[in-house]
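Analysis of the macromolecular model
The lines below spell out each chain.
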There are 2 protein chains.
Amino acid sequence: MADEWATFGADLHLELRGQGLRDGLMDALREAVRSGRLGAGVRLPSSRSLAADLGVARNTVADAYAELVAEGWLTARQGSGTRVAPRSAPRRPVPSRTTTARPRVGRPTYDLHPGTPDLASFPRADWLKAARKALLAAPHEAFGYGDPRGRIELRTALAEYLGRARGVHARPEHIVICSGFVHGLMLMGQVLKARRVREVAVESYGLDLHWDLLDRAGLRIPALPFDERGTRTEGLGALAGAGAVLMTPAHQFPLGGALQPDRRAAAVDWARASGGLILEDDYDGEFRYDRQPVGALQGLDPERVVYLGTASKSLAPGLRLAWMVLPRDLVDEVAAAKGAVDWASSATDQLTLAEFLASGAYDRHVRAMRLHYRRRRDQLVAAVAARSPRTRISGIAAGLHAVLELPPGTEESVIRTAAFQGLAVQGVNRFRHPDTAPTMDGLVVGYGTPSDSAWSGALEALCRVLP
Amino acid sequence: MADEWATFGADLHLELRGQGLRDGLMDALREAVRSGRLGAGVRLPSSRSLAADLGVARNTVADAYAELVAEGWLTARQGSGTRVAPRSAPRRPVPSRTTTARPRVGRPTYDLHPGTPDLASFPRADWLKAARKALLAAPHEAFGYGDPRGRIELRTALAEYLGRARGVHARPEHIVICSGFVHGLMLMGQVLKARRVREVAVESYGLDLHWDLLDRAGLRIPALPFDERGTRTEGLGALAGAGAVLMTPAHQFPLGGALQPDRRAAAVDWARASGGLILEDDYDGEFRYDRQPVGALQGLDPERVVYLGTASKSLAPGLRLAWMVLPRDLVDEVAAAKGAVDWASSATDQLTLAEFLASGAYDRHVRAMRLHYRRRRDQLVAAVAARSPRTRISGIAAGLHAVLELPPGTEESVIRTAAFQGLAVQGVNRFRHPDTAPTMDGLVVGYGTPSDSAWSGALEALCRVLP
């Protein structure tokens, strides 16, 4: 035991420098027990003699011993002194396969994946200004558990904004705040399943992440047919089992078209005739560059359309703030599903976004970002026209991504070449529904993702891999 | 149609005052179609004649018409003019039973429900100061989608803090941030279920909210026996099927005892011998008034204990921030379960809490609140001793609630009397596990909940209903 104490004492001195004497001693003793250096049943020196060894007050040692007895590390019995508590041997942790086998993939030099806005443009100072105003003015109850639908201040500001900017017919009491589009879709999946819906029709191409989520909720996800004018909503009537359809009417993801007026009408007609619901994913509806954005489909029939919007593209994904505008008879079910897992968004961010919207800072930010992304899209179009004149860019001038059509059969090799040169970019076939036959080759270029300093390099790298 | 236009024109003028001419006209037209005042197929006046009626430029009307055609409200065909789009009649929404039948319960004058801290004490100015420092210093990628485990800055600050204040053996890479204890428990329920665990033993008394959550995850929840010294962890071995146990070792909820050293050891021994896990709910471990808090059970064996802590009691539930310290081989499974539903906490709040911890503001706040709640508990104890000397207060001097024991058979009538006098308070039997026979009558008094101005009134109201 003498050797043990020598080592142990050295450790103790190391620990004792950094913090309170008692706490440092406790940490050192815990560590010695945990590591097995002090085995079960080993008798510790008396508090008097250890205190003398360490040059500390006896009470410090006695307190540390008493504390560790209370915590279950040591035992103290009259006549038997203080000992390490008897304990079965710790189990060796099984090394996790996923941890050890995780492949190390280098970060690409340039990232043109779609789905992320320019994070460098997050308006930190304006956000902090809104936070200060909102937090100092909020009632005390704002910091409590709160309404699962979200803060009334934010729902009120959103009702005004969405009506004005997106033609959404919203009242604050029909809005439920969620922590992202995916959260909203998960809640809708639960509610639809509880309503005995078995199928949710989806667009192809589309986001596999969303399909997986509906699939995990126990819903089948038949794909809608599409043609060069976009998703064929006329096909909805033929899907006898579909209780809902998930769509991106303002800017189809990823192909990039806007749903045509007659097909908007056909979708609403289907919903009215069948009692089905349209789940409108308005992920980037604020960003249109050639004209005013087309209003949301929801305005056509607020009782048949669930409108889902998000701050992830207009501000930043890190805020984890999104919103659902619900038909009246769905509000309670969605709020109950959300409340059942205590799944709420931060009150401070909700209050801040409410102030950000009400003060006009949100409008200013969206206008600035619209110019910013428009410039990027124009540069992309110009660079592709100059360097690869036969490459067509499909879709409307909108959003944060564009589809570059490639000669048939070349998509995979172009992506591989790009990866080899440090450019991360995705192909359209990654977004193809499993039931849909391949119809085109192309790249989905997220031009919002790179920072300003990386943008021209990313564009140059992209042009190099185009035919 | 002349009459219709007269009404419609009046509406238009109302709308047009408040916003841009084109947008105002669009809103008025949408509303007229939605309400049915302009029926399907109705032909609208030419843009020239409506512009003259309204005294606006013809282009304003033509733009509005074009926009509404794009949105699917109107149709425009050569030779047929602009008409309201043909549409099936909107379905009347079915009135929701839950909305219309919701009973209106008056708010009590005084609220002594446990579970909420004093919201008036949320340190708004210090929080904003930390937010400013953290947000201005954060890297751009902090505002992106991020690691499902949470921000590294926060996990690093928590590892240091939890080690120092709660004796938790934590490394940042073993911490997963979640949005509340319930979120963490839900993730653990999923992971345990996937590992083919079928039972999670729970304490009785305890929180039915947590039992329901485990039940919904498909887990059985046998209750552990207990006696006057607390939960009988020695009974764990007899529960052959239990793969985990959910406990509140520092301060049993609601009964208020601290788990005794031998029973702490017995719980860890069971976990080691059986390969089971202990889920340690350390909801108010920072608030102990008679001595230093007993360290977390997790320190005894970090590979067999999942430690769950939260900012909901120490700061505010509205932040939606909590943390799990996980055994090494659970980290990837929990992070995957969390990431699968994109369920993240706000990056801004995570960065702010990291700075709040690192700057020492968290320690200062906890110290101040400890004094605050200790004073309230002392006042409660003194008032009960003076006004109802035979009422015993059980449990240790800790946390935000106390249990007042009542004469057998009186609990229900005391709560009813209290409610009648505007005092909301809960009985212990509300927290009794369905498999446990009633053993006592009592009140669970949350003395942290009232604001300072309401506290003396709440205390007086409480004393009036005690025997």
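Residues numbered from 1 in each chain as written. Chains lettered and ligands numbered in written order. Predicted model: local features only at pLDDT ≥ 70, side-chain atom pairs only at ≥ 80, totals over all residues. Heavy atoms only, no water.

Some remarks on the sheet that holds strand 5 (residues 199-202) of chain A
All names here are of chain A. Formally: We treat two strands as partners when DSSP finds at least two bridges between them. What counts as a helix is a DSSP run of H or I of at least four residues, what counts as a strand is a run of E of at least two, and both are numbered from the N terminus. The angle between two axes is taken between their N-to-C directions and runs from 0 to 180 degrees, where each axis is a line fitted to C-alpha atoms and a helix contributes only its stretch in contact.
Strand order in this open sheet of six strands is 4-11-10-9-8-5, and the pairing throughout is mixed. Edge positions in the open sheet fall to strand 4 (175-178) and strand 5, since each of these has one partner strand only. Between one strand axis and the next, the sheet turns through 20° on average, direction left out of account. Both strand 10 (residues 305-310) and strand 11 (residues 322-325) contribute to a ladder of four bridges, which runs antiparallel. Counterpart to Gly 309 in the pairing with strand 11 is Trp 323.

Thoughts on the interface of chain A and chain B
Note the cut-off: Here, residues are in contact when the closest pair of their heavy atoms is within 4.5 Å. Using a 1.4 Å probe, buried area is obtained as the accessible area two parts lose upon being combined, added over both of them. Put simply, a salt bridge is a Lys or Arg side-chain nitrogen that is within 4 Å of an Asp or Glu carboxyl oxygen.
On the chain B side, the residues contacting the 91 residues of chain A number 91 residues. Buried surface at the junction of chain A and chain B, summed over both partners, amounts to about 7500 Å²; 54% is from carbon and sulfur atoms. Inspection of the chain A/chain B interface yields two salt bridges. In this structure, the salt-bridge partner of Glu67(A) is Arg291(B), at a minimum N-O distance of 2.6 Å.

As for the relation of the copies chain A and chain B
In plain terms, the rule: Least squares is the method used to superpose the copies, on C-alpha atoms of residues holding a pLDDT of at least 70 in both.
Expressed as a screw transformation, the operator carrying chain A onto chain B has a rotation angle of 180° and an axial translation of 0.0 Å, and the superposed copies differ by an RMSD of 0.1 Å. Here the symmetry operator amounts to a two-fold rotation axis. Identified as the residue of chain A closest to the rotation axis by C-alpha distance is Ser346(A), at 3.3 Å. Interface residue correspondence from chain A to chain B reaches 100%, placing this contact among same-surface, isologous pairings.

Focus on the domain arrangement of chain A
Cut-off, in case you're wondering: Where each domain begins and ends follows an automated or database-derived domain assignment.
Once the domains are mapped, chain A shows domain 1 (2-84), domain 2 (110-116 + 364-465) and domain 3 (123-361). Each of domain 1 of chain A and domain 2 of chain A has a C-alpha centre, and these two points are 63 Å apart.

Examining unusual backbone geometry
Following Ser204(A), the chain continues into Tyr205(A) via a peptide bond in cis, with omega recorded as 5°. Inspection of the secondary structure assignment puts Tyr205(A) in the loop between strand 5 and helix 9 (208-216). The peptide bond linking Phe253(A) to Pro254(A) adopts the cis configuration, its omega dihedral lying at 0°. Here Pro254(A) lies in the loop between strand 8 (242-247) and helix 10 (261-274). Its identity as a non-glycine residue notwithstanding, Arg320(A) has a phi of 50°, on the positive side. With respect to the helices and strands, Arg320(A) occurs in the loop between helix 11 (311-314) and strand 11. Of note in the backbone geometry, Arg196(B) takes a positive phi value of approximately 65° without being a glycine. Mapped onto the fold, Arg196(B) is located in the loop between helix 8 (181-194) and strand 5 (199-202).

Some words on the nonpolar core
For the record, the criterion: Among the buried residues, those of types Ala, Val, Leu, Ile, Met, Phe, Trp, Tyr and Cys that are joined through side-chain atoms within 4.5 Å form a nonpolar core. Buried means the residue's accessible area, taken with a 1.4 Å probe over protein chains only, is under 20% of the maximum for its type, while exposed means over 50%, and partly exposed covers the values in between.
In this structure, Leu315(A), Trp323(A), Leu353(A), Tyr362(A), Leu380(A), Leu404(A) and Leu443(A) are the most contacted members of the largest nonpolar core, which totals 67 residues. For this core, the element with the highest residue contribution is helix 14 (residues 361-387) of chain A, accounting for eight residues. Setting aside its immediate chain neighbours within four residues, Tyr362(A) contacts Tyr161(A), Glu286(A), Ser314(A), Leu315(A), Trp323(A), Leu353(A), Phe356(A) and Leu357(A). In terms of nonpolar packing, the next biggest core, distinct from the first, is built from 66 residues, Phe287(B), Val325(B), Leu380(B) and Ala383(B) among them.

Topic: helix 7 (residues 152-166) of chain A
Every α-helix winds through 3.6 residues per turn, so residues three or four apart in the chain are directed the same way. Residues and elements named next belong to chain A. Operational definition: The span expected for a helix works out to 1.5 Å for each residue beyond the first.
Here helix 7 is 15 residues long and its end C-alpha atoms lie 20 Å apart, about the 21 Å a rise of 1.5 Å per residue gives. Residues of helix 7 that are buried: Leu 154, Arg 155, Ala 157, Leu 158, Ala 159, Tyr 161, Leu 162, Gly 163 and Arg 166. On its buried face, helix 7 is in contact with strand 4, strand 10, strand 11, helix 13 (347-358) and helix 14. Two residues or fewer after helix 7 comes Gly 167, characterised by a positive phi angle close to 65°.

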